Amino acid sequence: MFLSHLECTSCGLRHEWSHLQNLCTSCHKPLFAIVDLAKAGRALTREVLPTREKSLWRYRELLPLPSDAETVSLGEGGTPLLGATRFGSELGLSNLWIKDESQNPTQSFKARGMAVAVSMAKYLGATKLAVPSAGNAGGALAAYAARAGLEAHIFMPRDTPHANIIECRELGARVALVDGLITDCGVEISRRKAAEGWFDMSTLKEPYRVEGKKTLGYELAEQFDWQLPDVILYPTGGGTGLIGMWKAFDEIEALGWIGKKRPRMFSVQATGCAPVVRAFENGDSTAAEFPEANTGVDRQRARG
Ligand SMILES: Cc1ncc(COP(=O)(O)O)c(C=O)c1O
Ligand SMILES: [Zn+2]
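A word on the coordination of the zinc ion (ligand 2). Around the zinc ion (ligand 2), the protein contributes the donor atoms Cys8 (SG), Cys11 (SG), Cys24 (SG) and Cys27 (SG), which lie 2.2 to 2.3 Å from the metal centre. Taken together, the four donor atoms coordinating the zinc ion (ligand 2) and their angles of 99 to 118° define a geometry best described as tetrahedral. For the zinc ion (ligand 2), all donor residues lie on one chain, and their spacing in sequence is C-x2-C-x12-C-x2-C. Here cysteine 8 is found in strand E1 (residues 3–8), whereas its partner cysteine 24 is found in the loop between strand E2 (14–15) and strand E3 (31–35), with 16 residues between them in sequence. This pair shows no difference in class: cysteine 8 is buried, exactly as cysteine 24 is.

Mapped onto the fold, alanine 279 is located in helix H10 (residues 275–282). Looking at alanine 279, the relative accessible area reads 7%, which means it is buried. For the pair alanine 279 and cysteine 11, spaced 268 residues apart in sequence, the C-alpha to C-alpha distance is 21 Å. Setting aside residues no more than four positions away along its own chain, alanine 279 makes contact with Asp284, Thr286 and Ala287.

Here we come to the sheet that holds E2. Strand order in the open sheet formed by three strands is E2-E1-E3, and the pairing between neighbours is antiparallel. If you trace the sheet from one side to the other, it starts and ends with E2 and E3, each paired once.

What follows deals with the pattern of salt bridges. Applying the stated criterion to the full structure yields 20 salt bridges. The shortest N-O distance in the salt bridge between glutamate 101 and arginine 112 comes to 2.7 Å. On the criterion of sequence distance, the pair formed by glutamate 101 in the loop between strand E5 (97–99) and helix H3 (110–123) and arginine 112 in helix H3 is long-range, its members being 11 residues apart. Considered together, glutamate 101 and arginine 112 belong to a single accessibility category, that of buried residues. One salt bridge connects aspartate 179 with arginine 158, and the closest N-O pair in it is separated by 2.7 Å. Taken together, the residues aspartate 179 in the loop between strand E8 (174–178) and helix H6 (182–196) and arginine 158 in the loop between strand E7 (151–157) and helix H5 (162–170) connect sequence positions 21 residues apart. Taking the relative accessible area as the measure of exposure, aspartate 179 reaches 63% and is therefore exposed. Here arginine 158 falls in the partly exposed class, since its relative accessible area comes to 47%. Taken together, the salt bridges that share partners define one network made up of Lys99, Glu101, Arg112 and Glu219.

This part takes up the pairing of strand E6 (residues 128–132). The element E6 is largely enclosed, with a buried count of four among its five residues. Handedness of the E6-helix H4 (residues 136–148)-E7 crossover: right-handed. Direction of pairing for E6 relative to strand E9 (residues 199–200): parallel, over a ladder of two bridges. Paired with leucine 129 across the strands is phenylalanine 199, a residue of E9.

Considering all chains together, one arrives at six aromatic pairs under this definition. Measuring from centroid to centroid gives 5.8 Å for tryptophan 97 and phenylalanine 224, while their planes differ by 90°, and the two rings are edge-to-face. With tryptophan 97 in strand E5 and phenylalanine 224 in the loop between helix H8 (215–223) and strand E10 (231–235), this pair connects stretches of sequence that are 127 residues apart. The ring of phenylalanine 32 carries the charged tip of lysine 247 above its face, separated from the ring centre by 5.3 Å.

Below, the discussion takes up the packing of H3 against H4. Between H3 and H4, the shortest axis-to-axis distance is 9 Å and the interhelical angle comes to 40°. Accordingly, the angle class assigned to the pair H3 and H4 is oblique. The handedness of the crossing between H3 and H4 is right-handed. Facing Lys110, Ala111, Met114, Ala115, Val118 and Lys122 of H3, the residues of H4 in contact are Asn136, Ala137, Ala140, Leu141, Tyr144, Ala145 and Ala148. Of the residues that constitute the contact of H3 with H4, the class distribution is 10 nonpolar, one polar and two charged.

With that settled, the discussion passes to the nonpolar core. Soluble globular proteins: nonpolar side chains tend toward being buried together. In terms of nonpolar packing, the biggest core is built from 44 residues, with Met114, Val118, Leu129, Leu141, Ile154, Met201 and Tyr208 touching the most fellow members. Listed by contribution, the elements that provide at least two residues to this core are E1, E3, H3, E6, H4, E7 and H5. In contact with methionine 201, other than residues within four places in its own chain, are Met114, Ala117, Val118, Ala121, Leu129, Ala130, Val131, Leu141, Glu206 and Arg209.

The next subject is the side chain of lysine 99. By the secondary structure assignment, lysine 99 is in strand E5. Separated by 2.8 Å, the side chain of lysine 99 and the backbone oxygen of threonine 79 make a polar contact. There is a polar contact of 2.6 Å between the side chain of lysine 99 and the side chain of glutamate 219. In this structure lysine 99 touches Thr79, Pro80, Leu81, Arg112, Leu216, Glu219, Leu220 and Gln223, once residues within four positions along its chain are discounted.

The rules behind the values
Along each chain, residue indices are assigned from 1 in the same order as the chain's sequence is written. All chains are assigned letters beginning with A, and all ligands numbers beginning with 1, in the order in which they are written. In keeping with the predicted nature of the model, local features appear solely for residues at pLDDT of at least 70, side-chain atom pairs appear and are counted solely at 80 or more, and the whole-chain, interface and lining totals rest on all residues. Hydrogens and waters are ignored; side-chain quantities use all the structure's heavy atoms. Ligating atoms shown are N, O and S within 2.8 Å of the metal, or 3.2 Å for Na, K and Ca, and water is not included, meaning a site may look less than complete. Note on geometry labels: four donors, all angles 85 to 135 degrees, give tetrahedral; four donors become square planar and six octahedral when opposite donors are over 155 degrees apart and every other angle is between 65 and 115; remaining cases are irregular. Each helix is a run of DSSP H or I of at least 4 residues and each strand a run of E of at least 2, with the numbering of both proceeding from the N terminus. Note on exposure labels: buried denotes an accessible area under 20% of the residue type's maximum, exposed denotes more than 50%, and partly exposed covers the range between, all computed with a 1.4 Å probe on protein chains only. Should any heavy atoms of two residues lie within 4.5 Å, those residues are counted as being in contact. At least two bridges found by DSSP between two strands are what make those strands a pair. Only one rule defines a salt bridge in this text: a Lys or Arg side-chain nitrogen within 4 Å of an Asp or Glu carboxyl oxygen. Look down the strands so they point away from you; if going from the first strand over the helix to the second traces a clockwise path, that crossover is right-handed. Stacked, tilted and edge-to-face are the three classes assigned to paired rings of Phe, Tyr and Trp, where Trp is represented by its six-membered ring and a pair needs centres within 6.5 Å; plane angles under 30 degrees give stacked, over 60 edge-to-face, the rest tilted. Only when the NZ of Lys or the CZ of Arg is both within 6 Å of the ring centre and within 35 degrees of the ring normal is a charge said to sit over the ring. Every angle, taken between N-to-C directions, lies between 0 and 180 degrees, and every axis is a line fitted to C-alpha atoms, over only the stretch in contact when it is a helix. For classification purposes, an angle smaller than 35 degrees is called roughly parallel, one larger than 145 roughly antiparallel, one from 65 to 115 roughly perpendicular, and anything else oblique. Each crossing is labelled by how the near helix is turned from the far one, with a counterclockwise turn of less than a right angle marking it left-handed and a clockwise turn marking it right-handed. All amino acids are sorted into three groups, where Ala, Val, Leu, Ile, Met, Phe, Trp, Tyr, Cys and Pro are nonpolar, Asp, Glu, Lys and Arg are charged, and the leftover types, Gly among them, are polar. Definition of nonpolar core: a set of buried residues of the types Ala, Val, Leu, Ile, Met, Phe, Trp, Tyr and Cys, connected through side-chain atoms within 4.5 Å. N or O atoms within 3.5 Å of each other form a polar contact, as long as, within protein, one can give a hydrogen and the other can take it, and as long as residues adjacent in sequence are counted only when both atoms are side-chain atoms.

On their own, these measurements won't tell you what the molecule is for.
If you want it as structure tokens, here you go:
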């Protein structure tokens, strides 16, 4: 077992991993899982990785799940890196690659986070999992909860594309449609979770979705033969994937698998909902809520 403890990303307060945790109990900021990298590095070398299964579980020693814990898996991770030669030359880029995350279970990289977070939630005794979602996170939670034999309670804005709502319901989740934005869905979960016995799986409000998402960073490093690309463009929602990749790069540098060089990370967001881009442009250290968010993505889908 290589997970040492949980640590507040803001005030540094140490928390035990051995019971279910959401935010820091002191300052209410997100918690990070701290892996004992010296110990993990003695158990796992990068040469061993290609001999293991093509999934995010090949990095098992760097993931928070205790060795005796059962993984809740649907075959996530290990997605291909596709050379985009023609698209690249249209853009004047000679070395453009696309990490095809649509090949994950439930067709998005949300599967990575949910595989690890649902595994941990189950191991630590949660039985009812709740999440706010405007699409893919809900579908992923529904699938992993079904796989784990746990209840999923999903709160979605009423204008969520129909396909995502159907996906969650067909996978056995209870779906509530909320008149409002995803933030209103989150508020509804916070208000009811204690009485309902739900564990809140909101992104960055529990410590393990980011652990699943960090495997994107491990995979990129491995697939690029331990030379990170110059630039990563990341389609961003809350930003957990970016945070996860950055954490992954720090961890594998500590393991001696890569050097100090880091890619320039670009957060790409729809103009109508760009909290991370706006925070970056303003030089803020945290992203504030984006009121009246409206991307028009669902309208385009309805037309398309
Ligand atoms: C397919 C896909 N990619 C990327 C993201 C961004 O997720 P996050 O920024 O929370 O890591 C989302 C959801 O928000 C998504 O559904
Ligand atoms: Zn704190």
